[in-house]
Amino acid sequence: MERIMDKPLIGVVMCHTVKEGHPAWVLYQKYLDAIMDAGGVAIALPHRPGLGEAIAQRTLGLLDGLLLSGSPSNIEPWRYGASGEEEKADPGRDELTLALIPQALKLRLPLLAICRGMQELVVAAGGTLNRQLPSEKVRHCADTDAPLAEQYAPAHPIQLTADGQLARLLGGVASLQVNSLHKQGIQDVGPRLQAEATAEDGVIEAVSVPDHPFAIGVQWHPEWRYQDSDASSRLFAAFIHACHQYRKEKRL
Ligand SMILES: N[C@@H](CCC(=O)NCCCC(=O)O)C(=O)O
């Protein structure tokens, strides 16, 4: 059995919220379970507006990987040049993730970005978001009043980019059926990212950073019951494998 000290340490950015009137931190257990079951050790990263850059600088050297989770909150539109207010903002998370991502790319630190996390990767890489995706052709957003098993059930197909990093990593599959719980999505993928998967309405559903060992963002939720999905299990296994490699090279 692998010793705990040999496992890669994966930073997971928390979400700030208010619970029963108290300011509180939230991190859904499913993200941590997926990391730990795949052989990593998860460490939660809280944040504070005004300290994003400093927290990123202090923590990055300790990490062997970074996971950006989903969240009901949205990135503030000014972050990608759009106008308007954001009711469901988490400015401390925006600040920390947008400080961590460029450094993770520079250091070649493995990065798995899920749902809001993928949107953060897009914004950090110079892309933009659509704040309200159309829902006529593809049902991107589940009914939030439905039972969880229904919300996270497979919702629509995606086509993987042939010969893309993600398709290769998932064993050469051409398409997947994915769950879908987002109102926003990629408008313009920007100059640095490669589209890795697309929905039937043309919305880009996954991205990667070319020339990086593992920097992948997916708009769906592979962490949800990942054990039941070959593609999700492969994705987490490949992420933790990349984190092991990073740790090994860091120690040389
Ligand atoms: N708020 C954004 C991002 C959606 C998102 O990340 N949903 C996740 C829900 C909770 C979870 O399972 O982690 C949008 O609406 O596009």
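Residues numbered from 1 in each chain as written. Predicted model: local features only at pLDDT ≥ 70, side-chain atom pairs only at ≥ 80, totals over all residues. Heavy atoms only, no water.

Per an unreviewed UniProt entry, the chain carries the name gamma-glutamyl-gamma-aminobutyrate hydrolase and comes from Mixta theicola. The annotation that UniProt attaches to the chain under Pathway (unreviewed entry) is "Amine and polyamine degradation; putrescine degradation; 4-aminobutanoate from putrescine: step 4/4." In UniProt, the chain has this text filed under Catalytic activity (unreviewed entry): "4-(gamma-L-glutamylamino)butanoate + H2O = 4-aminobutanoate + L-glutamate". (UniProt positions renumbered as here; feature names shortened; annotations may be inferred.)

Let us look at the overall build of the chain. Scanning the chain from terminus to terminus reveals 7 helices and 13 strands. Computed over the C-alpha atoms, the radius of gyration of the chain is 17 Å, within 12% of the 18 Å expected from 2.2 N^0.38 for a compact globule of 252 residues. With respect to the principal axes defined by its C-alpha atoms, the chain has extents near 50 × 45 × 40 Å. Relative to its full complement of 252 residues, the chain shows a buried share of 51%. For the chain, long-range pairs separated by at least 24 residues make up 70% of all intrachain contacts whose partners lie at least 6 apart in sequence. Within the structure as shown, the chain displays about 12100 Å² of accessible surface, and the carbon and sulfur contribution to it stands at 52%. Counting 24 positive and 30 negative side-chain charges, the chain places the centres of these two groups 7 Å from one another. (Helix = DSSP H or I, 4+ residues; strand = E, 2+ residues; numbered from the N terminus. Rg over C-alpha atoms; globule rule 2.2 N^0.38 Å. Buried < 20%, exposed > 50% of the residue type's maximum accessible area, 1.4 Å probe, protein only. Contact = heavy atoms within 4.5 Å. Areas by Shrake-Rupley, 256 points an atom, 1.4 Å probe, with all protein chains shown as cover. Lys, Arg positive; Asp, Glu negative; His and termini not counted. Charge placed at Lys NZ, Arg CZ, Asp CG, Glu CD.)

This part takes up the packing of aromatic side chains. Per the stated rule, a full pass over the model turns up 3 aromatic pairs. For the pair Y152 and W224, a centre-to-centre distance of 4.5 Å together with 20 degrees between the ring planes defines the contact as stacked. Of the two residues, Y152 is situated in the loop between helix 5 (148-151) and strand 8 (156-160) and W224 in the loop between strand 13 (215-218) and helix 7 (230-251); the sequence distance between them amounts to 72 residues. Judged by relative accessible area, Y152 falls into the buried class, the value being 12%. (Phe/Tyr/Trp six-rings, centres within 6.5 Å; stacked < 30°, edge-to-face > 60°.)

The calculated volume of the largest pocket comes to roughly 520 Å³. If you trace the largest pocket, you find 24 residues lining it, with S71, P72, T144, Y152 and L181 closest to the centre. Contributing elements (two or more residues each) for the lining of the largest pocket: helix 1 (29-37), helix 4 (116-124) and helix 5. Considering only residue class, the lining of the largest pocket consists of 10 nonpolar, 10 polar and 4 charged. Estimates place the volume of the second largest pocket at around 290 Å³. Q177, N179, W224, S229 and S232 are the residues nearest the centre of the second largest pocket, which is lined by 20 residues in total. At the level of secondary structure, the elements contributing two or more residues to the lining of the second largest pocket comprise strand 9 (175-178) and helix 7. (1 Å grid on protein atoms, 1.4 Å probe; cavity = no way out; pocket = protein on both sides within 12 Å on 5 of 7 lines; lining within 4 Å. Points joined across faces, edges and corners; volume = space filled by probe spheres on them. Nonpolar A, V, L, I, M, F, W, Y, C, P; charged D, E, K, R; others polar.)

Once that is clear, we can look at the state of the cysteines. Cysteine pairs can be linked by a disulfide, which is a covalent bond between their two sulfur atoms. Counted by the stated rule, this structure contains 0 disulfides. C141 carries a free sulfur, and the closest cysteine sulfur to it, the one in C115, is 9.0 Å from it. Residue C141 is classed as partly exposed on the basis of its relative accessible area, which comes to 27%. (Disulfide = S-S within 2.5 Å.)

So, about the pattern of salt bridges. By the definition in use, this model includes 8 salt bridges. Across the pair E223 and K30 runs a salt bridge, and its minimum N-O distance is 2.7 Å. One end of the pair, E223, is in the loop between strand 13 and helix 7; the other, K30, is in helix 1, with 193 residues separating them in the sequence. For the pair shown, E223 and K30 are each scored as buried. (Salt bridge = Lys/Arg side-chain N within 4 Å of Asp/Glu carboxyl O.)

Across the two faces of strand 6 (residues 111-114) the burial is the same, with L111 and A113 and L112 and I114 all buried. Two strands pair when backbone bridges link them, and strand 5 (residues 65-68) and strand 6 are joined in this way by 3 bridges, in the parallel orientation. Residue pairing for strand 6: L67 is matched across the bridge by L112. For the crossover from strand 5 across helix 3 (residues 91-107) to strand 6, the handedness is right-handed. (Pairing = 2+ DSSP bridges. Right-handed = clockwise from strand over helix to strand, strands pointing away.)

This part takes up unusual backbone geometry. Located in the positive-phi region is C115, a residue other than glycine, with phi close to 55 degrees. Looking at the element boundaries, C115 is found in the loop between strand 6 and helix 4. The exposure class assigned to C115 is buried, which follows from its relative accessible area of 6%. Non-glycine residue D211 carries a positive phi angle of around 65 degrees. Structurally, D211 can be placed in the loop between strand 12 (204-208) and strand 13. Residue classification places D211 among the exposed positions, given a relative accessible area of 71%.

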